[in-house]
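# Residue-level structural notes
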Amino acid sequence: MKEEIIISGFGGQGVLLMGKLLAYAAMMEGREVSWLPAYGPEQRGGTANCTVVISDHKVPSPIVSHYSTAVLLNQPSIEKFMPAIKSGGTLIYDTSSIIAPPERPDIGIYSMDAMEAAAEMKNIKIFNMIILGGLIKVKGLASVDNIKKALYKSLPERNHNLIPLNEQAIVKGMEIIRQM
């Protein structure tokens, strides 16, 4: 098994944390992983992304140009990365910031109303955990238990009181993702 994933969106949406949690959880399951963040001055408000490679074998390079899975959370990310999804691959997107719903007959496309769900849960900061829950449901790349353990490793101790809310958000994401 080898999964090459791009997660891309606006800086501040938590795309780097999503990738980091996924990488940690996959490592806990004995898989080889690579996590490569890409951001600069655009980290707050511009587009940021990360590439995660999860494999049963050594990962020779973190540099990937074609992806088996793309989680694209804004229109610029759709325009930039959708053409790089391999035929037979998977696209997951949030409906709130995509102007034109993506269409490609050779890939599986899943949508989520994650921003709306985060607002209903009264905390838009859990948006990324809702998206991560959808990704886990569709791709099964890591167990929810290991994602929860990764939260404790990734979040500063002062934010550990928010982990139960993040866990609820992951479950919510698993409930609301739908195939187009």
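Structure shown above.
Residues numbered from 1 in each chain as written. Predicted model: local features only at pLDDT ≥ 70, side-chain atom pairs only at ≥ 80, totals over all residues. Heavy atoms only, no water.

## Here's the deal with the environment of Ser 143
With respect to the helices and strands, the residue Ser 143 is situated in the loop between helix H4 (127-139) and helix H5 (144-154). In this structure, the C-alpha to C-alpha distance between Ser 143 and Met 28, residues 115 residues apart in sequence, is 9.6 Å. Only 3.1 Å separates the side chain of Ser 143 from the backbone nitrogen of Asn 146, close enough to count as a polar contact. (Helix = DSSP H or I, 4+ residues; strand = E, 2+ residues; numbered from the N terminus. Polar contact = N/O pair within 3.5 Å; in protein donor to acceptor, adjacent residues only side chain to side chain.)

## Quick look at the packing of helix H1 (residues 15-28) against H4
The N-to-C vectors of H1 and H4 enclose an angle of 45°; their axes lie 10 Å apart at closest approach. Taken together, H1 and H4 sit at an angle that is classed as oblique. As for how H1 packs across H4, the hand of that crossing is right-handed. For the pair formed by H1 and H4, the contact residues are Leu 17, Met 18, Leu 21 and Leu 22 on the first element and Asn 128, Met 129, Ile 131, Leu 132 and Leu 135 on the second. Partitioning the contact of H1 with H4 into residue classes produces 8 nonpolar, 1 polar and no charged. (Axes fitted to C-alpha atoms, helices over the stretch in contact; angles between N-to-C directions. Parallel < 35°, antiparallel > 145°, perpendicular 65-115°, else oblique. Left-handed = near helix turned anticlockwise from the far one by under 90°. Contact = heavy atoms within 4.5 Å. Nonpolar A, V, L, I, M, F, W, Y, C, P; charged D, E, K, R; others polar.)

## Overview of unusual backbone geometry
A positive phi angle is found at Lys 122, which is not glycine, with a value near 65°. With respect to the element layout, Lys 122 can be found in the loop between helix H3 (114-120) and H4.

## Here's the deal with helix H6 (residues 163-176)
For H6, built from 14 residues, the straight-helix expectation of 20 Å at 1.5 Å per residue is met to within 8% by its first-to-last C-alpha distance of 20 Å. All buried positions along H6 are accounted for by Ile 163, Asn 166, Ala 169, Ile 170, Gly 173 and Ile 176. The buried residues of H6 occupy an angular sector of 145° when the element is viewed end-on, so they sit on one face. If you follow the buried residues of H6, they end up packed against strand S6 (108-112), H3, H4, H5 and strand S7 (178-179). (Expected span 1.5 Å × (residues − 1). Buried < 20%, exposed > 50% of the residue type's maximum accessible area, 1.4 Å probe, protein only. Arc of directions from axis to C-beta.)

## As for the layout of surface pockets
Estimated volume of the largest pocket: approximately 790 Å³. As for the largest pocket, its lining consists of 27 residues, of which Gly 12, Gly 14, Leu 17, Lys 125 and Asn 128 are closest to the centre. For the lining of the largest pocket, the secondary structure elements donating two or more residues are H1, H4 and H6. Per-element tally for the lining of the largest pocket: the top contributor is H1, with 4 residues. A per-class count over the lining of the largest pocket returns 14 nonpolar, 10 polar and 3 charged. (1 Å grid on protein atoms, 1.4 Å probe; cavity = no way out; pocket = protein on both sides within 12 Å on 5 of 7 lines; lining within 4 Å. Points joined across faces, edges and corners; volume = space filled by probe spheres on them.)

Purely spatial values, then, with no claim about function.
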